[in-house]
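# Observations on chain architecture
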Amino acid sequence: GGRRPPTLATPSGTAVDPASRVVEFESLGTGVRNTKRFYVMNPTNASYKFRWECEDGTGAAVAHLAQAFKCVHREGIVLSGKKTEMVFEYTPDSDRLLESFWRLVIPDHDISVPFILVGHVKEPRVFLDQTFCNFNSLLLNHKGSQVVKLINREHIPFAFAFDGKTYGADEDPPTVKITPSQGTVGPESELALTVTFMPQIEKNYNFNAVLNVKKKATRLALNVKGEGFDNHVSIAMEEERGSVQVSPLTFTPIDFGEVHVNETRIKSVSVTNTGKYPIEFEWTTAKTRLLTIQPQRGTVGKGERVDVKMAFFPVSEAFISDHACNLQIVNGSKYTFGVSAAGRKPHLAFSFTKMDFGPCFLYKQEAQAQVAILRVTNEDTQDVAFDVQYNNKPWLEMDTSPTNLAPGQSEEIKISFMPRDIKAYHETIPFQINGLYIVQVEVHGSGHDCDIQLANPNQFNYALGAVKVGSMVERRIKIKNSSPVEAFVNLESAIHRLETLDLHLRPATLSLRPRETIDLELMYTPQSRMLPFSEDIKMDIGGLQRTLMVLGGSAVGVELKLETDMLFFGAVVANSRAIRKLQLENIGDIGSKWRWNADAFGPEFSVEPTEGFLNPQDEVTLEVRFHPAYEGDDIRRDNLPLFVDGADQPLLLTLTGICVAQTPQEETIAFDTAVRVPVKKSLPAISNPTDTTWRLIPVLDNDFWSGPEIIEVPAKQSVACELTYRPLGMTKQPAGEDEEEAAPEG
């Protein structure tokens, strides 16, 4: 009726015989033997034989038809008036539409009836309610389960079995497990299949689990996919020197060391998520009030880091040792820590906790306070802070402020004791350490008047008198401490001033115990004359200046002084003389004798007087003469000594001059007179072109002539000299003049 597809051909390639009878098989699945039965009636009165002939042909091309279709009774006899059952079986192995051509032949009646055996397969309505299971991302070694239903809508049961090779069921342990992996699903029923996914390594999984349903031509497939991931976490101890990685396989100690009471020390543990998915963590530990962990639990996002603070806060001296703290990564590793710590008070060392200044002089302005240095040393391994809770008072001051000391560091605190009254003092200074406890430092002392003076008060104004230069005077002066305080006396500033006066005082510094007397040695050795002086000797006692005594005296000595130590006579005519005046003055304090070595002057020089005595502040004029007899360009006497009684060294005088020859005048002056009758004539005027007055001494070598003893020629002027001629006898020839004139003085 038009149901046969036109594409199907007969074995012979001809059209289908319209007389063909069709036997149609419908198999519910493959591998199912389907049987068709029908009868052939023999209405005749004679039996006949029959046989079935297959017209499919032979060969490999039609071998599947021979396997699919089977004629149970290929031949037989149909009895008269009876019917014989014909049985065909159809057992398909695929879901293809198959045709097998047969012919029923009854040779006795020459009957041939064509048959077409048509077989087609009906797919059983056995299926999965879902064809995939997506487990997404799952932590390694953790299971995820989903339920898939196997549904049978047929009226008969079906056996099924999963192919384990398709999803690694033979692995140990298996990544995917399906339960049950085989069995039978009843008719018109459902069967729940549990699919378990447990990844072993980090990767993406994708399985197509094949489900074979018996008698079902097509196989069912269940796609199972998922991703295996692990918690990639990095746990590190954050130390000052850097991060230290922590392994989950080892016990990790955390040592807080020694922590001061009421102080907090924090250790940090970092939790870093280096994976692709968030992780969770949780701390577990035995409860203790000494240790806190924040946060105790939390979530760390992808690529993020959380710092967990472990704080040790001791409120008293206590300790913990290997206190177990566990860090559990949810669905991950477990890290075990052992915390050790000790709480104690700081180790702060004081150089003293009691200071007794003892008896001290009353404090005056500009005086030095009594000072004690308190050294505070941190002998701890951690920083220690202290604060002095004390307000300074007029008699006790401290130079300090809140201080933090590093380990091994020291701080020097200056304590100044300045008693203002004559009484005993006592004070307690509290030091607060780290704000935790107090250390008391006690200070004692007493105030007293300063009573340092000369043992003999009458020596306060001490006179050394007039001391001769070069001599030495020594004195001993006693100084006494009448107070109950040991005194340190400094005389250095006074000694420096006294040394300028050639006074020497020792010792420069001295220590006077209460009621003790010490000698001071005073020595006066003047090296030069000194006017009367008065000098205060001040002593420094603790920065306070006090006058010990007033010292007076003077130094006297011999001191003569020449007006000059060099005289230059200039040019002098031979056999004439020049005179220079020289002042000798006694500028000393006492009179003294003096004398020249006259022999040292000759023969060109001489001096008058050669010796004498000079009173203080008196002077004498010396006349030094230059009377050369022979010419000379440099006539000199060096360092002629003037000896002075009482002087260490003589005074020295150097004399120099030049001697030149006489130059006679060419002009002749004639005198003519009777015997014993004087006659006068004037010589040519003598001109003085210099700026000084000349004093000339005429020299006449004939007794018949006479003239002035000295001729003075003023500067820039001319003077004529008058000669007198008085002969005592008659001359036989004209007499010539042989007078010579000395060169001007100077």
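The structure this text deals with has already been given above.
Below or above, wherever it landed, is the structure these notes cover. (Residues numbered from 1 in each chain as written. Predicted model: local features only at pLDDT ≥ 70, side-chain atom pairs only at ≥ 80, totals over all residues. Heavy atoms only, no water.)

## Topic: the overall build of the chain
Summing up its helical and strand segments, the chain has 2 helices and 63 strands in all. For 746 residues, the compact-globule estimate of 2.2 N^0.38 gives 27 Å, and the chain exceeds it by more than 25% at 76 Å. If one aligns the C-alpha atoms of the chain with their principal axes, the spans along those axes are about 255 × 90 × 35 Å. When burial is assessed residue by residue, the chain has 40% of its 746 residues classed as buried. Considering only contacts within the chain whose residues lie at least 6 apart along the sequence, 67% involve residues at least 24 apart. For the chain, the computed accessible surface area is about 41,000 Å², with 48% contributed by carbon and sulfur atoms. Distance between charge centres in the chain, computed from 75 positive and 97 negative side chains, equals 19 Å. (Helix = DSSP H or I, 4+ residues; strand = E, 2+ residues; numbered from the N terminus. Rg over C-alpha atoms; globule rule 2.2 N^0.38 Å. Buried < 20%, exposed > 50% of the residue type's maximum accessible area, 1.4 Å probe, protein only. Contact = heavy atoms within 4.5 Å. Areas by Shrake-Rupley, 256 points an atom, 1.4 Å probe, with all protein chains shown as cover. Lys, Arg positive; Asp, Glu negative; His and termini not counted. Charge placed at Lys NZ, Arg CZ, Asp CG, Glu CD.)

## Comments concerning the sheet that holds strand β52 (residues 619-626)
Strand order in this open sheet of 4 strands is β46-β48-β52-β50, and the pairing throughout is antiparallel. A strand with exactly one partner marks an edge of an open sheet, and here the two such strands are β46 (560-562) and β50 (605-608). Going across the sheet, the axis of each strand differs from the next one's by a mean of 25°, ignoring polarity. The pairing of β50 with β52 spans 4 bridges and is antiparallel. Of the residues in β52, the one forming a bridge with phenylalanine 605 is phenylalanine 626. (Pairing = 2+ DSSP bridges. Axes fitted to C-alpha atoms, helices over the stretch in contact; angles between N-to-C directions.)

## Some remarks on the packing of aromatic side chains
Within the structure shown, the criterion is met by 30 aromatic pairs. Arranged with centres 4.9 Å apart and planes meeting at 90°, the rings of tryptophan 52 and phenylalanine 88 form a pair that is edge-to-face. In this pair, tryptophan 52 sits in strand β3 (residues 48-54) while phenylalanine 88 sits in strand β6 (residues 83-90), placing the two residues 36 residues apart along the sequence. Ring geometry for tryptophan 395 and tyrosine 425: centres 4.7 Å apart, planes at 35°, overall tilted. Here tyrosine 425 lies in strand β35 (residues 424-433) and tryptophan 395 lies in the loop between β31 (384-388) and β32 (396-399), a separation of 30 residues in the sequence. An identical accessibility class is assigned to tryptophan 395 and tyrosine 425; each is buried. (Phe/Tyr/Trp six-rings, centres within 6.5 Å; stacked < 30°, edge-to-face > 60°.)

## Quick word on the side chain of glutamate 427
Looking at where glutamate 427 falls in the secondary structure, it is placed in strand β35. In this structure the side chain of glutamate 427 is engaged in a polar contact, spanning 2.8 Å, whose partner is the side chain of lysine 393. Sequence-distant contacts of glutamate 427, that is, excluding residues within four places in its chain, are made with Tyr390, Lys393, Trp395, Leu396, Val441, Glu442 and Val443. (Polar contact = N/O pair within 3.5 Å; in protein donor to acceptor, adjacent residues only side chain to side chain.)

## Description of the pattern of salt bridges
For the structure on display, the rule yields 26 salt bridges. Between arginine 344 and glutamate 258 there is a salt bridge, and its shortest N-O distance comes to 2.3 Å. You can see arginine 344 sitting in strand β27 (residues 334-344) and its partner glutamate 258 sitting in strand β20 (residues 251-260), a full 86 residues away along the chain. Looking at arginine 344, the relative accessible area reads 8%, which means it is buried. A salt bridge links arginine 625 to glutamate 623, with the shortest nitrogen-to-oxygen separation between them at 2.6 Å. Glutamate 623 carries the same exposure label as arginine 625, and that label is buried. (Salt bridge = Lys/Arg side-chain N within 4 Å of Asp/Glu carboxyl O.)

## With respect to the environment of asparagine 45
Summarising the element assignment, asparagine 45 is placed in the loop between β2 (34-41) and β3. Classification of asparagine 45 as exposed rests on a relative accessible area of 74%. As a C-alpha pair, asparagine 45 and leucine 79 span 34 residues in sequence and 8.3 Å in three-dimensional space.

## Examining the side chain of serine 270
By the secondary structure assignment, serine 270 is in strand β21 (residues 265-273). On the accessibility criterion, serine 270 (2% relative accessible area) is buried. Among the polar contacts made by the side chain of serine 270, one reaches the side chain of glutamate 238 at a distance of 2.7 Å. The contacts of serine 270, once residues within four sequence positions are left out, are Ser234, Ile235, Ala236, Glu238, Arg305, Val306 and Asp307.

## Concerning the sheet that holds strand β13 (residues 176-179)
Taking strand neighbours across the sheet as the criterion, the 4 strands line up as β9-β11-β15-β13 in an open arrangement whose pairing is antiparallel. Where the open sheet ends on each side, the last strands, each with one partner, are β9 (126-128) and β13. Each strand of the sheet is rotated relative to its neighbour by a mean of 20°, with strand direction disregarded. By the bridge criterion, 9 bridges tie strand β11 (residues 144-152) to strand β15 (residues 189-197) in an arrangement that is antiparallel. Looking at β15, one finds that asparagine 152 is bridged to serine 189.

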